[in-house]
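Analysis of the macromolecular model
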Amino acid sequence: MGCQYDDPTHDGANAFTVAMPRLSFGRGILSEVGERCQRYSLRRVALFTDPYLAKGPLVATAMQSLKDAGIEAVVFSDIRVEPCDDTVMRGADFLSTTSSNTAFDGVVSVGGGSVIDTAKGALLIHQQSGHINDYFAPPIGQGKSLQAPVLPHLACPTTSGTGSECTSITVIRVNSLNTKFVIANPYLLPTEAIVDPQCCDSLPANVVASTGFDLCCHALECFTAKAYNQHAKVANPNARQYIQGANPFSDMVAREALGIVNQYLVRGVNDASDKEARSQLMWGATLAGIAFGNCGTHLPHAMSYGITHLMDNITTDGYKIDSPFIPHGISVVVNAPAIFNYTAQATAERHIEGAQCLGADDKGATPTDAGEVLSKRLIQLMKDTSMPNGLSGVGFDSSHVKALAASSIRQSRAIANAPRESNLVDLENMYTDAISYW
Ligand SMILES: [Fe+2]
């Protein structure tokens, strides 16, 4: 157990909790989804996916598997990238439909984070009714809580980044505020995660890069997050937040995920035929999902929400979406070098070790160099995978800094999970430092 957890003088949380779904990983296992549903005696499932996957081979494979297992499956594909509250409510309505008086008794999700998160939100409303926005923490919502298990949910990711198949959170855009917020609840954890790296073989390079940096930041944010025993004690162990801070378990999986990023990210992005690299990135995404599902992210994710809130007239090649859109992983990583330069002043040794896992050259580095060592390695990885050059690469300049910070400061729980405190001015300074790196 790392020394940052050995602080007998501190009166913070005295325990951490680990939760994860039943997890299977392997090439070709999407075709087992029907048999896996039989384990829960499912007879009629809703298959959540997006409109593009709905017409493709992955959904065909899942549907055939369900049919072979004698399970009726009905597709719900009215899901867009960056799911919103309206999408979730339509998904919940869909779950309420019956056929010959037979209700759905389970959900299979086949897709990226948008699909899996929509399924989680729809399952919540199906179980408990009301509007999804009621479940966001105040002042966005009423802070309502899911009080009972939802239907069995078998999540099958088709990108190597989200990790949503292994977490008890869902990220949903609130249309009226044009911003994404998080709902976390232990009952949102999928029943099973079925991770088939074959699903990533045909992804375009920039999708692998964007999702790869999402996984990289999940792992790095967990590894550098505030330690769990620096968070407040909980009165009721069942009320322990998923954002519980860094702990020995999340450290272990985050370290492994960072090593995978170091070894395989550039290869997996730049060579679509490199199946080893793409499989490893899928495994890394799974590990990083488990890490952040048991720790919580911090400033890079919190500050990404300002970007997706204010983006305008930006579309990204390789993604089938016409409206303004910056992929989640890009919105996270463009700020990351500037942020880790700031947070390293709080926990230099953690930042140095994270950089080492990512393959940084830290010869002769002292604790005061920690931020620079880690930032430099991230910037090199960004360059090697043709990522945008900071905020300026996605259409922002110094005139946007105040608005970006004002938007992101609302992500108070994630900001509080950072190793170093930050206020509005600190966020403005970090956005300024993130405008351009090279
Ligand atoms: Fe993420």
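How each quantity is defined
Residues numbered from 1 in each chain as written. Predicted model: local features only at pLDDT ≥ 70, side-chain atom pairs only at ≥ 80, totals over all residues. Helix = DSSP H or I, 4+ residues; strand = E, 2+ residues; numbered from the N terminus. Buried ≥ 20, exposed ≤ 12 C-beta atoms within 10 Å, placed from the backbone. Domains from an automatic or database assignment. Contact = placed C-beta atoms within 7 Å. Nonpolar A, V, L, I, M, F, W, Y, C, P; charged D, E, K, R; others polar. Pairing = 2+ DSSP bridges. Axes fitted to C-alpha atoms, helices over the stretch in contact; angles between N-to-C directions. Right-handed = clockwise from strand over helix to strand, strands pointing away.

1. Section: the overall build of the protein chain
- For the protein chain, the count of helices and strands is 15 helices and 10 strands.
- With respect to the three principal axes, the spread of C-alpha positions in the protein chain is 70 × 50 × 45 Å.
- Counting all 438 residues of the protein chain, 55% fall into the buried class.

2. Remarks on the domain arrangement of the protein chain
- Taken domain by domain, the protein chain holds domain 1 (3-16 + 203-433) and domain 2 (28-195).
- Taken over C-alpha atoms, the centre of domain 1 sits 25 Å from the centre of domain 2.
- Each partner contributes to the interface: domain 1 provides 30 residues, whereas domain 2 provides 20 residues.
- Within the residue set of the side of domain 1 that touches domain 2, elements represented by two or more residues are helix 5 (205-224), helix 7 (275-293), helix 8 (299-310) and helix 9 (328-333).
- No other element matches the 10 residues that helix 7 contributes to the side of domain 1 that touches domain 2.
- Of the residues contributing to the side of domain 1 that touches domain 2, the split by class is 15 nonpolar, 12 polar and 3 charged.

3. Here we look at the sheet that holds strand 7 (residues 153-157)
- On the basis of which strands lie adjacent, the open sheet formed by 6 strands has the order 1-10-7-6-2-3 and parallel pairing. A single partner strand is all that each edge strand has here, and the edge strands are strand 1 (22-25) and strand 3 (72-76). Sheet twist, expressed as the average angle between the axes of neighbouring strands with direction ignored, equals 20°.
- Note that strand 2 (residues 44-48) and strand 6 (residues 106-111) share 4 bridges and pair parallel. Among the inter-strand pairings, L47 is bridged to a residue of strand 6, identified as V108.
- Where helix 2 (residues 57-68) meets the sheet, its contacts fall on strand 2, strand 3, strand 6 and strand 7, and the angle it forms with strand 6 comes to roughly 155°.
- Here helix 4 (residues 113-128) sits on the sheet in contact with strand 2, strand 6 and strand 7, set at roughly 160° to strand 6.

4. Details of the environment of I132
- Inspection of the secondary structure puts I132 in the loop between helix 4 and strand 7.
- Separated by 101 residues in the primary sequence, I132 and K233 place their C-alpha atoms 29 Å from one another.
- Here I132 is in contact with D85, V88, M89, G121, I125 and I172, once residues within four sequence places are set aside.

5. Considering unusual backbone geometry
- With omega at 5°, the peptide bond leading from P138 into P139 counts as cis.
- Summarising the element assignment, P139 is placed in the loop between helix 4 and strand 7.
- Backbone geometry at S129 places phi at a positive 70°, although glycine is not the residue there.
- Its location among the elements puts S129 in the loop between helix 4 and strand 7.
- Of the residues examined, S129 has 10 C-beta atoms within 10 Å and is grouped as exposed.
- We note that N178 has phi near 55°; this positive angle belongs to a residue other than glycine.
- Looking at where N178 falls in the secondary structure, it is placed in the loop between strand 8 (169-174) and strand 9 (179-184).

6. A closer look at the pairing of strand 3
- Pairing geometry for strand 2 and strand 3, over 5 bridges, is parallel. By the bridge assignment for strand 3, A46 is matched with V74.
- In terms of handedness, the path from strand 2 via helix 2 over to strand 3 forms a crossover that is right-handed.

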